[in-house]
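If you want the building blocks of each chain, they are given just below.
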Amino acid sequence: MAGRGRGAEDGGGTAAGVSERLLFAGTAPIEAGPVLLLEPRQPAQIVSPDGTVDRPPPATIDRVRRQFRRASLSAFGQSVAAAGTKELDRGIGFLLVPVFLAAGVILYFSLSTEPDLYRPLATVALMAACAAVSRSWPKTHLLFMAALFCAVGFVAAKVETLRAATPMLGGEIQTRLTGRVVIAEPMANGRVRLTIELVSTAHPKLRYAPDRVRLSARRIPPGLTAGSLVTGYARLLSPTGPVRPDSYDFSFDSYFSGIGASGFFLGDPKVVTATEAPFGARTASAIENARETIADHIRSTVGGPEGEIAAALIVGVRAGIPEDINEAMRRTGIYHIISISGLHMALVAGTIMLLLRGAFALLPDFSSRRPVKKYAAAIALLSIAAYLVISGIVVAAERSFIMLAVMLVAVVFDRAALTMRNLAISAIAVIVVSPHEVVGPSFQMSFAATAALVGAYAGWADYRADKVRAPPAKRSFLGYLSRKLAVGVGGGAMTSIIAGSATALFAIWHFQRVSPLSLLANLAVMPIVSLVVMPFAVFSVLMMPFGFDGPFLYVMGKGLTAMVAISGWFSERSPVDAVGLISIQSVLLATVALVIATMATTWLRLGAVPFAIAALLAIPHVRTPDVLISEDAHLVAMPIGGGELAINRASSNEFITDNWKRALLAETIVPPETFANGTTDIADPVDLPPGSPFYCTGDLCIGRHPSGAIVALAENRDSAKPACGFADLIVINDATAYNPCRDPRILVVTKRQLARDGSAAVFFDPQSATARAEIQYAVHRPYRPWHEQRKYSREARGLPPYKRPEKPDAKPQTAQ
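How each quantity is defined
Residues numbered from 1 in each chain as written. Predicted model: local features only at pLDDT ≥ 70, side-chain atom pairs only at ≥ 80, totals over all residues. Heavy atoms only, no water. Disulfide = S-S within 2.5 Å. Buried < 20%, exposed > 50% of the residue type's maximum accessible area, 1.4 Å probe, protein only. Patch = residues over 30% accessible without salt bridge, like charges linked within 9 Å, V, L, I, M, F, W, Y side chains within 5 Å. Areas by Shrake-Rupley, 256 points an atom, 1.4 Å probe, with all protein chains shown as cover. Salt bridge = Lys/Arg side-chain N within 4 Å of Asp/Glu carboxyl O. Helix = DSSP H or I, 4+ residues; strand = E, 2+ residues; numbered from the N terminus. Core = buried A, V, L, I, M, F, W, Y, C linked by side-chain atoms within 4.5 Å. Contact = heavy atoms within 4.5 Å. Pairing = 2+ DSSP bridges. Axes fitted to C-alpha atoms, helices over the stretch in contact; angles between N-to-C directions. Lys, Arg positive; Asp, Glu negative; His and termini not counted. Parallel < 35°, antiparallel > 145°, perpendicular 65-115°, else oblique. Left-handed = near helix turned anticlockwise from the far one by under 90°. Nonpolar A, V, L, I, M, F, W, Y, C, P; charged D, E, K, R; others polar. pLDDT = per-residue confidence, 0-100. Expected span 1.5 Å × (residues − 1). Phe/Tyr/Trp six-rings, centres within 6.5 Å; stacked < 30°, edge-to-face > 60°. Lys NZ or Arg CZ within 6 Å of the ring centre and 35° of its normal. Charge placed at Lys NZ, Arg CZ, Asp CG, Glu CD. Polar contact = N/O pair within 3.5 Å; in protein donor to acceptor, adjacent residues only side chain to side chain.

Digging into the state of the cysteines
- This model, assessed by the stated rule, comprises two disulfides.
- The disulfide that involves Cys696 links it to Cys701, with 2.0 Å between the sulfurs. Handedness here is read from the sign of the S-S torsion; for Cys696 and Cys701, about 110°, the answer is right-handed.
- On the basis of relative accessible area, Cys696 is assigned to the buried category, the value being 6%.
- Using a relative accessible area of 10% as the deciding quantity, one classes Cys701 as buried.
- Within the chain, bonded cysteines paired by disulfides and numbered along the sequence follow the pattern 1-2, 3-4.

Section: a nonpolar patch on the surface
- Taken together, Phe76, Trp603, Leu606, Val609, Ile613 and Leu617 make up a surface patch of nonpolar side chains, about 620 Å² in accessible area.
- Counting residues per element, the nonpolar patch draws most heavily on helix H20 (residues 608–618), at three residues.

Considering the nonpolar core
- Core analysis: the biggest nonpolar cluster contains 98 residues, and Ile309 and Met556 have the highest contact counts within it.
- Excluding anything up to four places from it in sequence, Met556 contacts Ala310, Leu313, Ile314, Val533, Phe536 and Ala537.

Things to note about the pattern of salt bridges
- Counted by the stated rule, this structure contains 21 salt bridges.
- Measuring nitrogen to oxygen at the nearest pair gives 2.6 Å for the salt bridge that ties Glu114 to Arg784. Of this pair, Glu114 sits in the loop between helix H3 (97–110) and helix H4 (118–133) while Arg784 sits in the segment after strand S20 (774–777); the two residues are 670 residues apart in sequence, bridging distant segments of the chain.
- With relative accessibility at 26%, the residue Glu114 sits in the partly exposed group.
- Of the charged contacts, one joins Asp116 and Arg119 as a salt bridge, the two residues approaching to 2.9 Å between their closest N and O atoms.
- Put simply, Glu323, Glu327, Arg330 and Arg513 are held in one network by salt bridges that share partners.

A look at unusual backbone geometry
- With an omega of 0°, the peptide bond between His203 and Pro204 qualifies as cis.
- Relative to the helices and strands, Pro204 resides in the loop between strand S4 (192–202) and strand S5 (212–217).
- That bond from Arg781 to Pro782 is cis: its omega, 0°, falls within 30 degrees of zero.
- Checked against the element boundaries, Pro782 lands in the segment after S20.
- The phi dihedral of Gln512 falls on the positive side, at around 55°, and the residue is not glycine.

Thoughts on the sheet that holds strand S19 (residues 760–763)
- Ordered in space as S12-S11-S10-S9-S19-S20, the six strands form an open sheet in which the pairing is mixed. Only two strands of the sheet have a single neighbouring strand rather than two, namely strand S12 (668–670) and S20. Going across the sheet, the axis of each strand differs from the next one's by a mean of 25°, ignoring polarity.
- The pairing of strand S9 (residues 627–629) with S19 spans three bridges and is classified as antiparallel. Paired with Leu628 across the strands is Ala761, a residue of S19.

As for the pairing of S19
- Burial of the side chains of S19 extends over both faces: Ala760 and Val762 are buried on one face and Ala761 and Phe763 on the other.
- Judged from the four bridges that link them, S19 and S20 form a sheet pairing that is antiparallel. Across the sheet, the residue bridging to Phe763 is Glu774, located in S20.

Considerations on the sheet that holds strand S18 (residues 747–750)
- In spatial order, the strands read S13-S14-S15-S16-S17-S18; together these six strands make up an open sheet with mixed pairing. In this open sheet, the two edge strands, each paired with only one partner strand, are strand S13 (673–675) and S18. Ignoring strand direction, the axes of neighbouring strands in this sheet form an average angle of 15°.
- Sheet topology places strand S17 (residues 729–732) next to S18; four bridges connect them, and they run parallel.

Let's talk about the side chain of Arg662
- Tracing the backbone shows Arg662 in helix H21 (residues 654–663).
- Asp658 provides the closest opposite charge to the buried, unpaired Arg662, separated from it by 5.5 Å.
- Among all residues touching Arg662, those that are not within four sequence positions of it are Phe511, Gln512, Arg513, Ala578 and Gly580.

With respect to the packing of helix H16 (residues 477–511) against helix H19 (residues 584–599)
- With their axes 10 Å apart at the nearest point, H16 and H19 run at an angle of 155° to one another. By the criterion of interaxial angle, the relationship of H16 to H19 is roughly antiparallel. Pair H16 / H19 crosses with left-handed handedness. Of the residues in H19, those in contact with Ala502, Leu505, Phe506 and Trp509 of H16 are Ile584, Ser586, Val587, Ala590, Thr591 and Leu594.
- When its residues are assigned to classes, the contact of H16 with H19 shows eight nonpolar, two polar and no charged.

A look at the packing of H3 against helix H14 (residues 420–433)
- Close contact between H3 and H14 brings their axes to 9 Å; oriented N to C, the two are set at 25°. Our classification of the angle between H3 and H14 gives roughly parallel. As H3 packs across H14, the resulting crossing turns out to be left-handed. Packed against H3, whose contacting residues are Val97, Pro98, Leu101, Ala102 and Val105, the element H14 presents Ala424, Ala427, Ile428 and Ile431 at the interface.
- In terms of residue class, the contact of H3 with H14 is built from nine nonpolar, no polar and no charged.

Overview of the confidence of the model for the chain
- Of the residues in the chain, 87% have a pLDDT of 70 or more, and the chain-wide mean is 84.
- Every residue in residues 808–816 is under pLDDT 50, and counting partners more than four places away or in other chains gives zero contacts.

Things to note about helix H10 (residues 342–361)
- For H10, built from 20 residues, the straight-helix expectation of 28 Å at 1.5 Å per residue is met to within 8% by its first-to-last C-alpha distance of 28 Å.
- Listed in full, the buried residues belonging to H10 are His344, Met345, Leu347, Val348, Ala349, Thr351, Ile352, Met353, Leu356 and Phe360.

Quick look at the environment of Ile669
- Positionally, Ile669 belongs in strand S12.
- For Ile669 and Leu645, which are 24 residues apart along the polypeptide, the C-alpha to C-alpha distance reads 5.0 Å.
- Those residues in contact with Ile669, other than ones at most four positions away along the chain, are Leu645, Ile647, Thr657 and Lys661.

Concerning the packing of aromatic side chains
- Enumeration according to the criterion identifies 20 aromatic pairs in this entry.
- Here the aromatic rings of Phe539 and Phe552 are separated by 5.9 Å at their centres, their planes lie at 65°, and the arrangement is edge-to-face. Here Phe539 is found in helix H17 (residues 518–543), whereas its partner Phe552 is found in helix H18 (residues 550–573), with 13 residues between them in sequence.
- Classification of Phe552 by relative accessible area gives partly exposed; the value is 24%.
- The structure contains a cluster of three or more aromatic residues connected by ring pairs, namely Tyr108, Phe109, Phe154, Phe252, Tyr255, Phe256 and Trp786.
- The ring of Tyr335 has Arg330 lying over it, and the distance from NZ or CZ to the ring centre is 4.9 Å.
- Stacked on the ring of Tyr108, the Lys or Arg Arg784 has its end atom at 4.8 Å from the ring centre.

Focus: a positive patch on the surface
- Judged by side-chain charge, Arg464, Lys467, Arg475, Arg483 and Lys484 come together as a positively charged surface patch.
- Note that Lys484 resides in helix H16.

Here we look at the side chain of Asp549
- Tracing the backbone shows Asp549 in the loop between H17 and H18.
- Although Asp549 lies buried, it forms no salt bridge, and the closest oppositely charged side chain, Arg299, sits 13 Å away as judged by the N-O distance.
- Polar contacts involving the side chain of Asp549 include one to the side chain of His297, which spans 2.6 Å.
- With sequence-adjacent residues up to four places away left out, Asp549 is seen in contact with His297, Ser540, Met543 and Met544.

Here's what the structure looks like:
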C-alpha cells in the first residue's frame, strides 16, 4: 500500500510522498543490479592412450567446490544488500526508531543497580557525534544511529525515574491523616476506594510521609466528592513487591503512578472544612466529579452489572464490576473490551465520522465545495480527546489516543491513515512520554497486536494488488448478503487469530494464562460491541445533556446483557487456561521475529522464521520453583503432584494463591492439617512420604516435597531449632530470628531476609539429596528507586512489630 512507502514495482522508484530515507541520507549503498549465479565449471577430463579417463586430483575438486561456495555466498550477500537497500528506500529506518528506543528503555530497567545520568548523556553526545562523522560510511552510520536511539531511550527512562521521585512509605503504621480526595471509586464488594493527596498526618506524625495514598473505606459521608478534604484514622501499608520472582512488580507500578502507600480506614472518614485548592487541583476535581456524576447516572439508568460495565466503557470507572464477570471475561479472552483502549477510541471516532459524513451528505452543495472528510476527521479528533479526558486519562487510553490522533491528523493532511509509519510515530510518542510503559503488558500487547494487524493488512493489500482479478459476477441480493457476511466473519476470525498469535507469548509471560476459546468468544461478542454497545454509548453521551439518553442506554444495556451471557457461557465450557511459566528468552526471540515480520517488505521478512522457531523451542527452557515464599513470610506453597498445591495457612491471600496456581500449573489448593493437642500422627518427620502436605502443630509446620526434601515453617527461632535435625528448608516468620542451624546444607530463610529481598523461589536438586537448596529472591540489592523503601521497614531492620503504648490513664486490670 502506498502508505508504507513501497515502490510501484520491485527495483522501481519509491512511492510518492515524504521518504523516510531522507532521515538517513547517504546511509544506503547503491542498489545492486541483477545478480548472476556462477555455475561451477567441470574440470577438464584427461583421456589416456588406452582410452581410459583420468580423474582430476582431489585437490582440484576441492578448489572448484570452494570457488563455487564463495560465488554462492557472494551472490547471497549481494541479494541481501539489494533487499536491504530497498527496505531503506521504503522507510524501514524510521520504523526501527521506536524499536531501538524501547531497547534502551528495557536495558535501563533491567540493570541491577541504578545508573547516574551523566554517563548516559555523554553516550548520547558521543553517538550523535560519531553518527554525524560517519555519514560517508553507510553501514557504520546505521550502527551509530541505532546506538544513538538506544542511548536516547536509556536517558528517557532515567529522566522519567528522576521526574517521578515518588516518596514511598517504608513500613506498616497507623496514623490519623488529612488529605484531599482525588478519586472516589465504588467497589463491587460495597467498599469505596479513595485516592488521597496527603496534607498532614498526626498521632504519630510521619517524618517521611508519601504525597499520595490509596485507601479503602466501608462508608463515606454523603457530601464527599473529588476535591473534598477528609480526615480519619487509617492503617498505611508500604507498596508490595512481586508475589514471586520474575512476576509483576506492584511497587514499580506504584512508584510511577505516584502512589506512596495503600491501606484502609479503621473507621469512616469525615469531611472537614476545605481550604482553597490550587487551580490545577480544582480543575482535576471538577473533571472527576463530572465523571462520577455521569457514572452514577449510567448505573441508575442501566442497573445491575451491566450498569457497572456501561460506566466503565463510557467514563472508565470499572471498580464496581463483579469479580465473577471479570474472571469470565478473562477466561474467554474478551476482557480487553472493558479497558478503554484502541478499540473504543476507534469505534467512537468511527461513529462520529459516520454521523458527520451522513449529515454532510444532506448538504450536497456544501459537501461538493468543501473537504468534508477533513472536517469530520478534525471533529472526531476533538471527540476522542474529550473521551480521553472523561475516561480518566488512563495509560491505555492515552496510548490509544496518541495512535488514533496521528491517524486522524494524517487524514486531515491527505496522508494514508493506517500505516506502519503512523504506528511508529505513536510508539515514539508513548516511549518518550512514559518510558516505563515499555516493560508493562499493556504497551507490549497493544503494540504487538496493532503491528501484526497493520503488517498483515499491508501484505494482503500487496498480494491483491499483484493479482489480476476478473470482474465480479452478478449475484442475487441473497448471494450478495451471504458473501458480505462470510467476508465479515472471515475478517473477524483472521483479526482475532493474527492479534492473538502476536500477543500469546506476552500474555503467557505476564499472566501465565491463555484463552482457549478466545477466537469463538470474540467472534460472538465483537459484532455486539461494534454495532450495538459502543455506537449507542456514543449516542447516549450526545443526548445526555438534553435528557434523551434513556432509550440509547437501554439498548446499550441489552447489548451488554448479551455480552455477559456469552462470556459466561464460554467461560463455563473453557478448559483450564493456566499454562505455567515460560522463559524470557522465548519472549525476546518472539519480539525479534515480530519486528522482522511486520516491518520488512521484501523477502527479508523470511528472517523472522528462524527466530519464531527458536522462540517456540525456548518456551520450556525455564526452571519451575519447588517452593514459593511470600515476602511477608506468612504464606508458603509447595506443589505435591497431581495438580495439587500445598499451603501452610487455612486462610490465605486469594490473589497470591491464584498467581502461584497458574505459575505452578496447580488446580487444587491443599490446606494444612492442624493438630491442636501439640502432637501429630507422624512420629518422625523423616517418615513422611514424598508429596505430603503441611502438618502443623503449635508453631511448627512440616511438609515434604515430591523430591524428598523436607520443608519446615516456624513462627520463631525456638520452634525452628528442632527442625535443624531433619529439614532441608526452614522458613522462620520472625524478623528478630537468626539461623538456628549449624549445618550449612540447611537453607534457612527468615522474615528479615524476605523483607529486604522480597518473595522467594526455592529449587531443590533432585540429583543430590545432600546438596543445599538454591533460592532466588524477587528484589535485588543495591535497590532501585522503586525499592528503596524496603530497607526502612521494621522487619528489614530486624525489629519486632510496632506496638502502640497504652494510654497513661488506662487502669490496669485486676484478677478476679
